[in-house]
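Listed here are the chains, written in short residue letters.
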Amino acid sequence: MRIGLFIPCYIDAFFPEVGVATLELLERFGHEVVYPRDQTCCGQPMANSGFNADCAATEALFVRNFSGFDYVVAPSGSCVHHVRDNFDAIKQTPEVKEVRARTFELVEFLHDILRVDAFPWARFPHRVGLHNSCGTLRRLKHALPSELHEPFFSKPVDLLSKVAGIEFVKPARPDECCGFGGTFSVFEEVVSTKMGYDKVSDHARAGAEYIVSADSSCLMHQQGCAERIGVSMKFIHIAQILNGASA
Amino acid sequence: MSSRDGILASIRANRPQVERPLPHVPLFDDDPPVSLLSAFKDNLHRMGGVFLDLPASGDILAPVRAKIADAKIVCSIVPEIAGNRDIAGVGAPPDLSDVDFAIVRASFAVAETGSVLLGDTDLRVNAVAYLAQHLIVLLDPADIVVNLHHAYQRAEFRSGRYACFHTGPSATADIEGVLIHGAQGVRSLSVLPIARAAVNPTL
Amino acid sequence: MSTPPAMLHPELRAEVDPDAIIRDGRRLDHAEGTSRPLRVRSEPQPRGAKARGNRPIDQQEAAARFIAAPEHEKMHDERLWDLRQKRDREMHGIPEWEKLRSLASAIKEHTLAHLDEYLDQFEDKAKSNGIHVHWACDAAEHNRIVHGILRDHGAKSLIKSKSMLTEECGFRHYMASMGIEVVETDLGERIQQLDNEDPSHVVVPAVHKLRTDVAQVFSHTIGTDPGNSDVHYLAEAQRQATRPLILKADAGMTGANFVVAETGTFVVCTNEGNADLSANVPKLHIASIGIEKIIPRLEHLAVFVRLLSRSALGSPVTQYTSHFRGPRAGGEMHVVLVDNGRSERLGLEEFWTSLKCIRCGACMNTCPVYRRSGGLSYGATYSGPIGLIIDPTFNARKYSNLPFASSLNGSCSNVCPVKINIHEQIYAWRRVLVEKHEVPFAKKTAMKAAGVLLSQPAAYRAAIAAADRALAHLPRFVIYNGLNAWGKHREVPHSPKQTFHNWYHANRGAKR
């Protein structure tokens, strides 16, 4: 397969190791992974705040960069949700629709498309608190949200369970929002940070050494909160664990 | 144009032009509890009600007599037990403000929720079930339906002017979630399982 | 006995529980009772949003003050999260739960699409049962109609049960100006009335108050001991003080949770029985009902009654579910059907389904923002997620900030018993408000600039590089200052040695 790698703006700027892990992980399965140089952002920050018209140029650039791949894969649920479900500031040509339909978040790509059933190179002997971002949980349907009365499932748990040594610990509120919420984190920062303090404290109390997530945006916010209030916690993206990071 | 006409016109002008058929509502009774009486009793207890079990002596009315023994004013609207305030003589609801115990018979009950249905024919003066300090409800176990879907098929909702499901006593937890019984209405609700038209000696 | 679920604030769990009602060794927690006893320390009560005429409500500012009152915030958060968990437990006991939600949603959408027919049917039936039916276009007309009915009966005092519609209409203030004494009989509403404060939650109006706050209010108004904050004492004092007012009231007023067109019935659900007192003690009963409350038949009522209390409180049903079909002998019954913007909202393509709302409050209980902000921070009759999507229809300017007071997490939509897509409507409102220019200039400018920068790769790369260098080299006081919203209460991300882009160029550049 020829895969276009989309590395969201904040991962590019602050968490390049997540991009590296994603690239290497996809290559381990023998696929050609291409990183279009001119990519920037999916447009979500503007759309999230209601400024849909201001996304148009950014969305057009995204389509130009990612046209023609078998799949577009990104290590970010919120960005992929935006591309698949909201991306409507530009005219919906067949090309636009193709790119939108072929864009996948990393966990769902590994679980549903590649159907990976083993990560023999991966070992993570630590106590881990899993954080499913609200975008991946309720929009991309990574797992069953606790509000619904349906059979349980969890794609991240399915994948991480195949990593040797990993031990899951559960916080009091496993799927309460951590407070990032995109531009909410800046425009409503008092409540946002209170939610972040609560989230990291909850995981710490449950005994987690690491919080792992498929969304670095949430991790970025939680890390900022943890450091500010002095909660001792490490943060890691699921791509890094699945790619063989041991710490 | 009257307000009525104005509102209806506004609705007609704004109604969403969508196809939304009315769904069929099943009775959801495929898996009923083994004993409706047991289920009713459990739920009644959960909701703060009291179930007056048949005493060892076999005297069905003994628990009620024990309850009302020290009461000053008992208003009984059932033939099985005599009170000392006649409901027929009540001029206006405030006349009932000193009633300690009201004794009524439920039209029927619902196992799913532990509720009893009291209608205007059961109460004669509706306010008695709310002004009394305590409520005792006679219930024929044969009158228990499995769930609310069955309940709403009953005639009481098409004939009476007033019908109320009572599920336990008056309650609130508006202050710090601390549960209170007797918030504004009755402080206790007790259910006595006794068949209709049971021939029992009155007091 | 299974171990109780862990808590976010385990220090709130009281070691002793002198308030508990125990039956057969089991601690009762029906109605709004908490699953576990909670205790916090006393502190002054934080007040709600500051309303300044028609200027946009600053929800953030009020939320910040709520968060700065940690005892109130923790109690509020834990109590409402507990209601959410109780709701989940009820849900797991009903195999057909999701089917019930789908049915409830379908019944409401059908009814709204035929609203005029069903209202007609209800009016017909109600009138033939002896009920007087009035129609009010707006809040002012509602107030005038009710006052007119009271005046015609020489009524000077009114007892009432909880009705969000009457809050919406500013009913108590109007009645006060007309010299009519109104007494709220719901404990939470009465506390708020005596404290001259709006209710903060559609189901538990005083959920934001501690027992010590209530003790203060009651000591100033009904003469309780200011030093005694025992909840049973306070509740009993309120019962004793209110009973005489109930007995001598000239008229009673209720709202309605559901209206059945088929039989001309309206249904009121309470835990206290105060709607039954309000309706059955005085001779005159007036019911204020929003036109969207109607459902077609009795068989549909079962679906909603099964969902309402389970969603709201995690209790299978309210203590009282009252069905009114006609006046009692010697009495008089009036229904006031109120529009107040509802028929207009019916015409909004993206938002009409918000009219399905049955006012259960489940969205408020699950909302992480609401639980930490308190309902009064929204400065509107309706707060929390449902408030965010209906308040802008009442006043787009005043409530223009509200749809932004959300992290768009989507939990609200999942707990809504009638499946309103609340979080999607919040998102849609943001677009509408931007298009209507109801957003701050600074935000608009920043977003325009972002839109331009992110569409130009070279400029974008330069900006990222500058930001990373800045973060790596600038002193703390420059990064963390009043202008940097990110950094007010959290650390900024660490700046890496190189961006992914540069890493790729350095390590994989040749392959391209």
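Computed from a predicted structure; not experimentally measured.

**Concerning the nonpolar core**
One recurring pattern in soluble globular proteins: nonpolar side chains tend to sit buried together.
Here is step 1: Ranked by internal contacts, the top residues of the largest apolar core, which has 271 residues, are Val-128 and Ala-132 of chain B.
Here is step 2: Each of two domains, domain 1 (2-113) and domain 2 (127-242) of chain A, supplies a minimum of three residues to this core.

**Brief notes about the sheet that holds strand E5 (residues 127-131) of chain A**
Residues and elements named next belong to chain A.
Here is step 1: Spatially, the 4 strands line up as an open sheet ordered E6-E5-E7-E8, and their pairing is parallel. Whereas interior strands pair on both sides, the edge strands pair on one side only; in this sheet they are strand E6 (167-168) and strand E8 (234-237).
Here is step 2: As paired elements, strand E7 (residues 210-213) and E8 share 4 bridges and run parallel to each other. Bridge pairing in E8 places Ile-211 opposite Phe-235.

**Some words on the pairing of strand E12 (residues 332-338) of chain C**
All names here are of chain C.
Here is step 1: Buried residues dominate E12, accounting for 6 of its 7 residues.
Here is step 2: Direction of pairing for strand E9 (residues 284-290) relative to E12: parallel, over a ladder of 7 bridges. Looking at E12, one finds that Leu-284 is bridged to Glu-332.

**Regarding the sheet that holds strand E11 (residues 320-324) of chain C**
Here is step 1: Spatial ordering of the open sheet is given by E7(B)-E4(B)-E5(B)-E8(B)-E11(C)-E8(C)-E7(C)-E10(C), a layout of 8 strands whose pairing is mixed. Because the sheet does not close on itself, it has two edges, and the strands there are strand E7 (144-145) of chain B together with strand E10 (294-295) of chain C.
Here is step 2: Inspection of the sheet shows strand E7 (residues 258-260) of chain C paired to strand E8 (residues 265-270) of chain C by 3 bridges, in the antiparallel sense. Paired with Val-260 of chain C across the strands is Thr-265 of chain C, a residue of E8 of chain C.
Here is step 3: Against the sheet, helix H12 (residues 298-313) of chain C contacts E7, E8, E10 and E11 of chain C, and its axis sits at roughly 170° relative to E7 of chain C.

**Some remarks on the interface of chain A and chain C**
Here is step 1: With 58 residues of chain A at the interface, the matching set in chain C holds 60 residues.
Here is step 2: Put simply, the parts of the chain that give the side of chain A that touches chain C at least two residues each are helix H1 (9-14), helix H2 (16-28), helix H3 (44-48), helix H4 (56-66), helix H8 (134-139), helix H10 (184-187), helix H11 (189-206) and helix H12 (216-229) of chain A.
Here is step 3: Element by element, the count of residues in the side of chain A that touches chain C is highest for H11 of chain A, at 9 residues.
Here is step 4: Within the side of chain A that touches chain C, the residues separate by chemical class into 27 nonpolar, 15 polar and 16 charged.

What counts as what
- Along each chain, residue indices are assigned from 1 in the same order as the chain's sequence is written.
- Chains and ligands are labelled sequentially in the order written, the chains with letters from A and the ligands with numbers from 1.
- Confidence filtering applies because this is a predicted model: local features only for residues at pLDDT of at least 70, side-chain atom pairs given and counted only at 80 or more, and all residues used for totals across whole chains, interfaces and linings.
- Each nonpolar core consists of buried Ala, Val, Leu, Ile, Met, Phe, Trp, Tyr and Cys residues. Their C-beta atoms, within 7 Å, join them into a set.
- With C-beta atoms placed from the backbone, a residue counts as buried when 20 or more other C-beta atoms lie within 10 Å of its own, as exposed when 12 or fewer do, and as partly exposed for counts between those limits.
- Each domain span listed reflects an automatic or database assignment of domains.
- A strand pair is defined by DSSP finding two or more bridges across the two strands.
- The helix count covers DSSP runs of H or I at least four residues long, the strand count covers runs of E at least two residues long, and both are numbered beginning at the N terminus.
- Once C-beta atoms have been placed from the backbone, residue pairs whose C-beta atoms lie within 7 Å are recorded as contacts.
- Lines fitted to the C-alpha atoms define the axes, with helices restricted to the stretch that makes contact. Angles between their N-to-C directions range from 0 to 180 degrees.
- Any residue that is not Ala, Val, Leu, Ile, Met, Phe, Trp, Tyr, Cys, Pro, Asp, Glu, Lys or Arg is counted as polar, Gly included; the first ten are nonpolar and the last four charged.

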